[in-house]
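Commentary on secondary and tertiary structure
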Amino acid sequence: MTRRVLIAGFKHETNTFSRLPTDMAAYKSRAWYLGDEIAKAYAGTNTELAAFMEGAKRYGWQPVLSISADATPSGRVTSEVFEAVSHQILGDIDRAGGVDAVLLNLHGAMVCAHTDDGEGELLARIRAKVGPGVPIGASLDLHANVTDAMAANADVLVSYCTYPHVDMHEIATRVVDLIHRALEGKCKPVTSVARARMLVGVDEGRTTAPGPMTEALALADAIEKRPGVLAVSINAGFGWADIADAGPSAVIVTDGARAETKAQLTELTDFIWQTRNRRTVETVRVADAIAVAQRKGRPGSPVVIADYADNPGGGGYTDSPSLLRAMLAAGLTDAAMSALYDPESAAACHRAGIGASLPLAIGGKIDPAFGAPIEAEATVIGLSDGRFKIEGPMMRGVAVDMGPSAAVRIGSVEVVLASRRYQNYDLGFFRCCGIEPRKKAVIAVKSMQHFRAAYAPIAGEIVVVDEGGGVTSADFKKLPFHRVRRPIWPLDMD
Ligand SMILES: [Zn+2]
């Protein structure tokens, strides 16, 4: 008898300090696919959903494609969105006449208007629907805040091992293979989690240089080889969430419940605690980054400046103007930034047309605390519908839709203005508006780490700026935490 396996995705990394709610419009403008639309959007891509669909084919399962929803990180997910996705998944299980297994593509750090634990509640509802005998497997981002409810209601949880995240497909394949073994009666997966007393850790999960994360992953690999252990994950967590369980965790999937799991989890969380003060990336002030750009930037070997505190990948507004203001003030030449979120200015450029000059007030519109808009005369040098396909290693093949976008020149700095908030992790975020980043002397991106996937190979030098405002600054002591478990590092301990 052919097994029916439900495939669904519901992702969000929620920054509870963001004033932008994550509503239906936020999901529909990024990713909202039903049924066969999932295959059209993701088949052949370097993503979890492609791996799930390929796995179903490999094992002869009948895939029940339900829903795939994703939104750029921002504030709490509205109840309307959560109920719509939950209703779709539970309804599809009924309409299929029940399923033999469930495969979920989750992020793991979703906070909703009605619950602090989005994935925990979703998994609990699915578990209640399918009962205890149907295996549920989920892939997670390594920035997941893994809760007890998530571990209790899933049979298998496996997180990415790379940051930038380039192993989504590979990790989802591991989930598929474990679910296959469970269906064949070859194992009985049980997932356990332990959290460190920290908001942030393991070098934020970076795997681009040897450090706490790569060492923690090596320890995880060693534990994975021990008897009865099926998978071990290290989560750096997501600290910009004021919820009880925010922060780094270790997750172990075992074959049946095992007495030694608790000690293995402690071994991992102790390591995470001991390495808390080690980071492989130094962040600098804006003036220091500009100085490096002036000293070392040359066309064809650009200095890449990453705006850490305004990273849309962590919920940043993407319209903080401080870095751009400093680039303009310094009179940088052959310099470009992408992408600054400013739908009003992008629309004005589309109305004005290529070659036109017009006065713009750029950025600084969502929260004036992070800097006023930049008032400048700008020349439109590129216009685009903002649509392109990712060519770099992170999410290769996936379609991007930044909405109406424009490239403008102010002085000798070129800026891409977008109508949707996107982290810049591909050269396409410049190229779609006619700018070739390889030729520039200075490139600025709204990103804290993912940009490295595409930009490290072309960068003469990389500098990361954490100054000038943004809801993803690493200065956690300045954020108003009320709900996180206490005491917790770095708020209460050194
Ligand atoms: Zn992540």
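Everything discussed here concerns the structure shown above.
These remarks concern the structure in this document. (Residues numbered from 1 in each chain as written. Predicted model: local features only at pLDDT ≥ 70, side-chain atom pairs only at ≥ 80, totals over all residues. Heavy atoms only, no water.)

Thoughts on the overall build of the protein chain
- Of the regular secondary structure elements, the protein chain holds 14 helices and 20 strands.
- The globule rule puts the C-alpha radius of gyration for 494 residues at 23 Å, and the 22 Å found for the protein chain is close to it.
- The buried share among the 494 residues of the protein chain stands at 63%.
- Considering only intrachain contacts with a sequence separation of at least 6, the fraction spanning at least 24 residues in the protein chain is 74%.
- Put simply, the protein chain shows about 17,600 Å² of open surface, and 51% of that area lies on carbon and sulfur atoms.
- In the protein chain, 52 positive and 57 negative side-chain charges are present, and the distance between their average locations comes to 2 Å. (Helix = DSSP H or I, 4+ residues; strand = E, 2+ residues; numbered from the N terminus. Rg over C-alpha atoms; globule rule 2.2 N^0.38 Å. Buried < 20%, exposed > 50% of the residue type's maximum accessible area, 1.4 Å probe, protein only. Contact = heavy atoms within 4.5 Å. Areas by Shrake-Rupley, 256 points an atom, 1.4 Å probe, with all protein chains shown as cover. Lys, Arg positive; Asp, Glu negative; His and termini not counted. Charge placed at Lys NZ, Arg CZ, Asp CG, Glu CD.)

Examining the pairing of strand β19 (residues 442–445)
- Of the two faces of β19, the one holding Val442 and Ala444 and the one holding Ile443 and Val445 are both buried throughout.
- Judged from the four bridges that link them, strand β11 (residues 303–307) and β19 form a sheet pairing that is parallel. Paired with valine 304 across the strands is isoleucine 443, a residue of β19.
- Here four bridges tie strand β12 (residues 335–341) to β19, and the two strands are oriented parallel to one another. From the neighbouring strand, methionine 337 faces β19, where its bridge partner is alanine 444. (Pairing = 2+ DSSP bridges.)

Regarding the sheet that holds strand β9 (residues 249–255)
- Pairing is antiparallel in the open sheet, where three strands are placed in the order β7-β9-β8. Single-partner strands in this sheet number two, and they are β7 (189–195) and β8 (229–235). The mean angle between the axes of side-by-side strands here comes to 15°, regardless of whether they run parallel or antiparallel.
- Two strands pair when backbone bridges link them, and β7 and β9 are joined in this way by seven bridges, in the antiparallel orientation. Across the sheet, residue threonine 191 finds its bridge partner in β9, namely valine 253.
- Strand contacts of helix α7 (residues 168–183): β7 and β8, with the helix running at about 150° to β8, the strand carrying the most contacts.
- Seen against the sheet, helix α8 (residues 212–224) touches β8 and β9 and runs at an angle of roughly 165° to β8. (Axes fitted to C-alpha atoms, helices over the stretch in contact; angles between N-to-C directions.)

Describing the nonpolar core
- In this structure, Leu103, Ile234, Met402 and Tyr455 are the most contacted members of the largest nonpolar core, which totals 100 residues.
- Considering each element in turn, this core owes the most residues, nine residues, to α7.
- Those residues in contact with methionine 402 that sit more than four places away from it in its chain are Ala339, Gly386, Phe388, Val416, Ala418, Ser419, Arg420, Tyr422, Phe429 and Cys432.
- If you look at the next biggest cluster of nonpolar residues, it comprises 39 residues, including Tyr27, Val77, Val81 and Val102. (Core = buried A, V, L, I, M, F, W, Y, C linked by side-chain atoms within 4.5 Å.)

A few points about the coordination of the zinc ion
- Each protein donor to the zinc ion is listed here as Asp141 (OD), Asp141 (OD), His143 (ND1) and His165 (NE2); together their distances run 2.1 to 2.5 Å.
- Between the four donor atoms coordinating the zinc ion, the angles at the centre fall across 54 to 141°, so the site counts as irregular.
- Summarised as a motif, the one-chain spacing of the donors to the zinc ion is D-x1-H-x21-H. Of the two residues, aspartate 141 is situated in the loop between β5 (136–140) and α6 (148–153) and histidine 165 in the loop between β6 (156–159) and α7; the sequence distance between them amounts to 24 residues. By the burial criterion, aspartate 141 is buried, and histidine 165 matches it. (Donors = N, O, S within 2.8 Å, 3.2 Å for Na, K, Ca; no water. Tetrahedral: all angles 85-135°; square planar, octahedral: opposite > 155°, others 65-115°.)

Such coordinate-based values are descriptive only and should not be taken to indicate function.
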